[in-house]
Amino acid sequence: MRILGIETSCDDTCAAVTDGPRIRSNVISSQAAAHARYGGVVPEVASRHHLELINPVVGAALSEAGAELGDLDALAVTRGPGLIGALLVGVTTAKALAAATRKPLIGVDHLHGHVAANFLDPAPLEPPFLCLIASGGHTLLAGVARPEGFEVLGQTLDDAAGEALDKGARLLGLGYPGGPAIERLAADGDPDAFDFPVAMAREPGLDFSFSGLKTALLYATRRLDAGELERRRADLAASYQAAVVGQLVAKLERALEAGEWGAVALGGGVAANAALRERVGELCGERGLRLKLVPAELCTDNAAMIASAARFLEPAPYPEYLSWDAMA
Ligand code: KG4
Ligand code: ZN
């Protein structure tokens, strides 16, 4: 089944063509540079960039796949959650392209997309598995029993893990996105230098919280004078990253203890973090579990994962989807 996927939920304009688990094309136009000067994603700026980029990105995805609209079996689009104005650009484009060719359209939940990145080549992972999704907008543990959906076992009660890294990076005077910047600086620092709390360690559930950690970093920086702050920035970054990773791994371990899972998958931009990958690798090694790590371009937002999720969902025939809205 050949599907054109479209994803515009945040600051990446994405289109992809898949054929079953095979990726024919996966085009991602990142707007990161446009948002960097603001230190984070500005929703209105994102919508305007999506509008300019969506047609060329869809065109590139089709031509790289050697396909035309007429060759497709269906179109798929992210309906939510995400930035409403950004989502609307993708949803409207998908509706227009599908309606013009009388093709069916499949609406996809963005988080189901992150889960479904694991169903793509190479080496697709079959359910059941436990999936930790950590990005700039979301942090959750998904229990995946069937490819059609997932169960939220735990999620963040405040900031997302990537958001915590982005805000921490700003406190340390680093650029956006903060995750990679903290990771680079942390390489020269001591993760045990500062005692940041691994939040929710004593709470019984599988939920996450990162806002207290950010406050702890703020206080730690205030206690240092300018010279000392400069000297200890790498230690601060390493200790902060260790606390974020520590909480993600602690909850993942708790979820593994609570259920019967044969495999673990990581998704979302934070899954690119080497310290997280290493810790989760050790955990899976100790427990004899398969660890599925998709390539970086399938961890961060992309449209191949949206087309991948769509394979398992019911397509809406023309003209049923014309009344669809985006869901923030
Ligand atoms: O999935 P993603 O590209 O976009 C969404 O937020 O949906 O994730 C972006 C987030 C940002 O917060 C960024 O700082 C974080 O992922 N990130 C990382 C790394 N690369 C990106 N965090 C830690 N280590 C990294 N290497
Ligand atoms: Zn995402």
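Residues numbered from 1 in each chain as written. Chains lettered and ligands numbered in written order. Predicted model: local features only at pLDDT ≥ 70, side-chain atom pairs only at ≥ 80, totals over all residues. Heavy atoms only, no water.

**Notes on the coordination of the zinc ion (ligand 2)**
Line of reasoning, step 1. The coordination sphere of the zinc ion (ligand 2), as far as protein atoms go, consists of His110 (NE2), His114 (NE2) and Asp301 (OD), spread over 2.1 Å.
Line of reasoning, step 2. Of note, the zinc ion (ligand 2) draws all its donor residues from one chain, in the sequence arrangement H-x3-H-x186-D. Of this pair, His114 sits in helix α4 (residues 110–116) while Asp301 sits in the loop between α11 (296–299) and α12 (304–310), placing them 187 residues apart in sequence.
Line of reasoning, step 3. For His114, a relative accessible area of 2% gives the class buried. (Donors = N, O, S within 2.8 Å, 3.2 Å for Na, K, Ca; no water. Helix = DSSP H or I, 4+ residues; strand = E, 2+ residues; numbered from the N terminus. Buried < 20%, exposed > 50% of the residue type's maximum accessible area, 1.4 Å probe, protein only.)

**Structural notes on the site of ligand 1**
Line of reasoning, step 1. Residues in contact with ligand 1 amount to 18 residues; listed here are only the nearest, Gly136, Asp166, Gly179, Glu183 and Gly269.
Line of reasoning, step 2. A distance of 2.7 Å is found between an oxygen atom of ligand 1 and a backbone nitrogen or oxygen belonging to Gly136.
Line of reasoning, step 3. Asp301 is positioned with one of its side-chain polar atoms (N or O) 3.0 Å from an oxygen atom of ligand 1.
Line of reasoning, step 4. In isolation ligand 1 has 550 Å² of accessible area, and contact with the protein removes 88% of it. (Near = heavy atom within 4 Å. Polar contact = N/O pair within 3.5 Å; in protein donor to acceptor, adjacent residues only side chain to side chain. Areas by Shrake-Rupley, 256 points an atom, 1.4 Å probe, with all protein chains shown as cover.)

**What about the domain arrangement of the chain?**
Line of reasoning, step 1. Its domain assignment divides the chain into domain 1 (2–117 + 301–323) and domain 2 (127–294).
Line of reasoning, step 2. Summarising the inter-unit geometry, the C-alpha centres of domain 1 and domain 2 are found 28 Å apart.
Line of reasoning, step 3. Facing the 16 residues of domain 1 at the interface are 15 residues of domain 2.
Line of reasoning, step 4. Taking both sides of the interface into account, the surface hidden between domain 1 and domain 2 amounts to around 1,300 Å²; carbon and sulfur atoms contribute 73%.
Line of reasoning, step 5. Counting the surface domain 1 buries against domain 2, the share from its top three residues, Leu111, His114 and Val115, is 41%.
Line of reasoning, step 6. Where domain 1 meets domain 2, there are 0 salt bridges. (Domains from an automatic or database assignment. Contact = heavy atoms within 4.5 Å. Buried area = accessible area lost by both parts, 1.4 Å probe. Salt bridge = Lys/Arg side-chain N within 4 Å of Asp/Glu carboxyl O.)

**What to know about the sheet that holds strand β9 (residues 263–267)**
Line of reasoning, step 1. Strand order in the open sheet made by the 5 strands is β8-β7-β6-β9-β10, with mixed pairing throughout. In this open sheet, the two edge strands, each paired with only one partner strand, are β8 (151–155) and β10 (290–293). In this sheet, adjacent strand axes meet at a mean angle of 20 degrees when their direction is disregarded.
Line of reasoning, step 2. Taken together, the 4 bridges between strand β7 (residues 139–144) and β8 define a ladder with antiparallel strand orientation. The partner of Gly143 across the bridge, within β8, is Glu151. (Pairing = 2+ DSSP bridges. Axes fitted to C-alpha atoms, helices over the stretch in contact; angles between N-to-C directions.)

**Quick word on helix α10 (residues 274–287)**
Line of reasoning, step 1. For α10, spanning 14 residues, the distance from its first C-alpha to its last is 20 Å, which sits close to the expected 20 Å at 1.5 Å a residue.
Line of reasoning, step 2. Among the residues of α10, Leu276, Val280, Leu283 and Cys284 are the ones counted as buried. Buried residues in α10, looked at end-on, bunch into an arc of 95 degrees, giving them a common side. Exposed side of α10, more than 90 degrees from the buried face: Glu278, Gly285 and Glu286 are the residues found there.
Line of reasoning, step 3. Where the residues of α10 are buried, they touch α9 (233–258), β9 and β10.
Line of reasoning, step 4. Where α10 starts, the residue carrying a side-chain oxygen 3.0 Å from the main-chain nitrogen of Ala275 turns out to be Asn273. (Expected span 1.5 Å × (residues − 1). Arc of directions from axis to C-beta.)

**Considering the packing of aromatic side chains**
Line of reasoning, step 1. Scanning the entire structure with this criterion turns up 7 aromatic pairs.
Line of reasoning, step 2. Pairing Tyr318 with Tyr321 gives two aromatic rings, centres 6.3 Å apart and planes at 65 degrees, and the pair type is edge-to-face.
Line of reasoning, step 3. On the accessibility criterion, Tyr321 (0% relative accessible area) is buried.
Line of reasoning, step 4. Relative to Trp324, the ring of Tyr321 lies with its centre 6.2 Å away and its plane at 65 degrees, an arrangement referred to as edge-to-face. The exposure classification of Tyr321 matches that of Trp324, with both residues buried.
Line of reasoning, step 5. Three or more aromatic residues joined by ring pairs make a cluster, and in this case those are Phe119, Phe129 and Phe312.
Line of reasoning, step 6. Positioned over the ring face of Trp324 is Arg79, at 4.3 Å from the centre of the ring. (Phe/Tyr/Trp six-rings, centres within 6.5 Å; stacked < 30°, edge-to-face > 60°. Lys NZ or Arg CZ within 6 Å of the ring centre and 35° of its normal.)

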